Amino acid sequence: QVQLVESGGGLVQPGDSLRLSCTASRRTFSRYNMGWFRQAPGRERELVAAISRSGGSTYYRDYVKDRFSISTDNAANMVYLRMNSLKPEDTAVYYCAADSTGLAIRIESSDYDYWGQGTQVTVSS
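In this text, all values refer to a predicted model and were calculated from it rather than measured experimentally.

Here we come to the environment of V93. Inspection of the secondary structure puts V93 in strand β9 (residues 92-99). Residues V93 and R106 lie 13 residues apart in sequence; the distance between their C-alpha atoms is 20 Å. Aside from chain neighbours lying at most four places away, what touches V93 is F37, R38, Q39, G118, T119 and Q120.

Moving on to the sheet that holds strand β1 (residues 4-7). Neighbouring strands of a sheet are bound in pairs by backbone hydrogen bonds; such pairs are parallel or else antiparallel. The sheet built from four strands is open, its strands ordered β1-β3-β8-β7 with antiparallel pairing. For this open sheet the edge positions go to β1 and β7 (68-73), each flanked by a neighbour on one side alone. Here the strands of the sheet are splayed against their neighbours by 15° on average, with no regard to which way each runs. One ladder, built from four bridges, connects β1 with strand β3 (residues 18-24); its direction is antiparallel. What sits directly across from L4, in β3, is A24.

Cut-offs and rules
- Residues numbered from 1 in each chain as written.
- Predicted model: local features only at pLDDT ≥ 70, side-chain atom pairs only at ≥ 80, totals over all residues.
- Heavy atoms only, no water.
- Helix = DSSP H or I, 4+ residues; strand = E, 2+ residues; numbered from the N terminus.
- Contact = heavy atoms within 4.5 Å.
- Pairing = 2+ DSSP bridges.
- Axes fitted to C-alpha atoms, helices over the stretch in contact; angles between N-to-C directions.

This is the structure in structure tokens:
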């Protein structure tokens, strides 16, 4: 069993930046593909960024490309989501998730085995 804990959310103004962090209960990121999902009120949970276990491949949803960046620090057992130029439509609960199959990056939430509790990001003036 892997436990994931997110941190770093908060209330920011449009154009600001945030960095979300996710730590695992045991060494995970070199074995699992990792993803950051988000869910806004009344909407489906969707993948915004993912990184392969090797770190060699990444995926970004079109609307966050050039603004968000996912990275891992395997030594520290952390995965990060750097979010720049935040917009009100980025407001959501953000979740860290792990895909234990270690295959190619997958984009459906049902493909991920382990989830954090989520951290709220609110972008508002």
